[in-house]
Amino acid sequence: MTEKPTTHTSSIWGGRFETGPSAIMEEINASVDFDRRLFAHDIAGSKAHCTMLVHQGIISQADGDAILQGLDAVLSEIESGDFTFRRALEDVHMNVESRLAELIGEAAGRLHTARSRNDQVATDLRLWLRDAIDRVDDGLKVLQRALIDKAEAHADAIMPGFTHLQAAQPVTLGHHLLAYVEMLGRDRGRLADARRRLNECPLGAAALAGTAFPIDRRMTSSALGFTQPCANSLDAVSDRDFVLEFLSAGSILAVHLSRLAEEMVLWSSERFAFLRLPDAFATGSSIMPQKRNPDAAELIRAKSGRVVGALIGILVVIKGLPLAYAKDMQEDKEPVFDAADTLDLGVAAMTGMIEGATFDTDRMYAAAAEGFTTATDLADWLVRVRGLPFRQAHHLVGALVKKAEELECPLEALPLWVLQSVDASLTEEVYEVLALGHSVASRTSEGGTAPANVRAAAAEARRRFLD
């Protein structure tokens, strides 16, 4: 059954239509349920536009004053919760304008001179996203500080480093945590780069072609904190690169959070027992009283899919759009809002887990002693001290590992006679080389895991990321 259109004409569309939209059309067309989040930025943009119109003599000072006072009143109503958003008015822009008309009368109709909802929404979204990026960056800085604090506290703590999730070589816990500090630093850099590029003002592009009114686009751009106006009116209203860049950078950040969350899930399990999450970020079981589940980490891991999904969704929306604006672009806001919220929540939850996590360094040390993790140290020593080609040293140590497996003991527990049965020139000096402490202390190359390196790297990370 087809919905009948309403009999009243639309106050938005004006005299072109004899009847209003059907209920179904109102449902698919309305965006105010989600774009109301733009209200503060919408009003800020309108105030800048109004001030410019007055300055350019396009509207009178009296009308401008009434509009500015009315916009302040609308903002106060929304912030206090006294404002009623109406779906029949489609979006946040028309809700604000309609209420403004109720408050100040005919003068409200002059506000939309020399602009369109096309340049208006593009401006609003850039302003909102600029604030969202700043908020995410602030959260990442706090998370980096928590990781650096833990890294400094555990600069000497030895743990297994993994490749293929197999014990590979001993590293320090501090070194491991600082790896995530670097990842998050790159995330902050990508977000800052996206913010710099989005900081151009679409206002004044109007619907798509600019306007014949003598507006001053640089005045509104400066008033709103943009670096400059967008250079091309068609591009200004149809560009959503800034959305895609935010979601791209956000997706990489979400993946980094997911990788750290995965390690926290593994490390808090009985099989690893490397860490204990704070009670505030763990849950129990409805049936098994002994359970202590790392649900916050698991949810961070899962929520990465929402951010990546938002990126894919907007790419699909944009890919087939000719210039300039099309209503398809209304679909950009919900994914962006959800992705930003998800990132804020994920960063905050990860920060809480890191700050409250306690590490079982004895267990980590014991795990580092398993799996012949210092075998490479012995091979390197044979190259450095004995002058063997690395491939020959690799083969020799491989034979020793095989002996240790047969005797079911670690390399450093092999009797000297067993070592010498493989290579008669081996001496007791080998045992020092195979010690875990010796292994990590020797890794002094730039970016290496030696405790002295970790302390220096943590101090440098504070300078680069926190100062």
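These figures come from a predicted structure and were not determined experimentally. (Residues numbered from 1 in each chain as written. Predicted model: local features only at pLDDT ≥ 70, side-chain atom pairs only at ≥ 80, totals over all residues. Heavy atoms only, no water.)

Participant: If you had to explain the pattern of salt bridges to someone new, which residues and values would you point to?
Facilitator: Inspection of every chain in the model, using the stated rule, returns 31 salt bridges. Between R196 and D193 there is a salt bridge whose closest N-O contact spans 2.7 Å. With R196 and D193 both in helix α7 (residues 173-198) and 3 residues apart, the pair spans about one turn of that helix. On the basis of relative accessibility, which here comes to 29%, the residue D193 falls in the partly exposed class. (Salt bridge = Lys/Arg side-chain N within 4 Å of Asp/Glu carboxyl O. Helix = DSSP H or I, 4+ residues; strand = E, 2+ residues; numbered from the N terminus. Buried < 20%, exposed > 50% of the residue type's maximum accessible area, 1.4 Å probe, protein only.)

Participant: Summarise the environment of S251; cite the residues concerned and give the values.
Facilitator: Of note, S251 is situated in helix α10 (residues 241-267). Excluding residues that lie within four positions of it along the chain, S251 makes contacts with V307, V308 and L311. (Contact = heavy atoms within 4.5 Å.)

Participant: Go over empty space enclosed by the protein with me, naming the residues and quoting the values.
Facilitator: For the coordinates displayed, the defined rule picks out 2 cavities of 30 Å³ or more. By volume, the largest cavity is sized at about 60 Å³. Looking at the largest cavity, the residues that line it are A254, L257, I300, K303, S304, V307, T342, L343 and G346. The set of elements that each furnish at least two residues to the lining of the largest cavity consists of α10, α11 (295-319) and α12 (333-356). Per-element tally for the lining of the largest cavity: the top contributor is α11, with 4 residues. Its residues assigned to classes, the lining of the largest cavity shows 5 nonpolar, 3 polar and 1 charged. Volume-wise, the second largest cavity comes out at about 40 Å³. Taken together, L177, L260, E263, M264, W267, L275, I354 and F359 make up the lining of the second largest cavity. Looking at which element gives the most residues to the lining of the second largest cavity, the answer is α10, with 4 residues. Tallied by class, the residues present in the lining of the second largest cavity amount to 7 nonpolar, no polar and 1 charged. (1 Å grid on protein atoms, 1.4 Å probe; cavity = no way out; pocket = protein on both sides within 12 Å on 5 of 7 lines; lining within 4 Å. Points joined across faces, edges and corners; volume = space filled by probe spheres on them. Nonpolar A, V, L, I, M, F, W, Y, C, P; charged D, E, K, R; others polar.)

Participant: An account of unusual backbone geometry is needed here, citing residue identities and associated values.
Facilitator: L323 connects to A324 through a cis peptide bond whose omega is 5°. Position of A324 relative to the elements: it lies in the loop between α11 and α12. The phi dihedral of E90 falls on the positive side, at around 75°, and the residue is not glycine. Following the sequence through the fold, E90 ends up in the loop between α4 (61-80) and α5 (92-104). Although it is not a glycine, F372 adopts a positive phi angle of roughly 55°.

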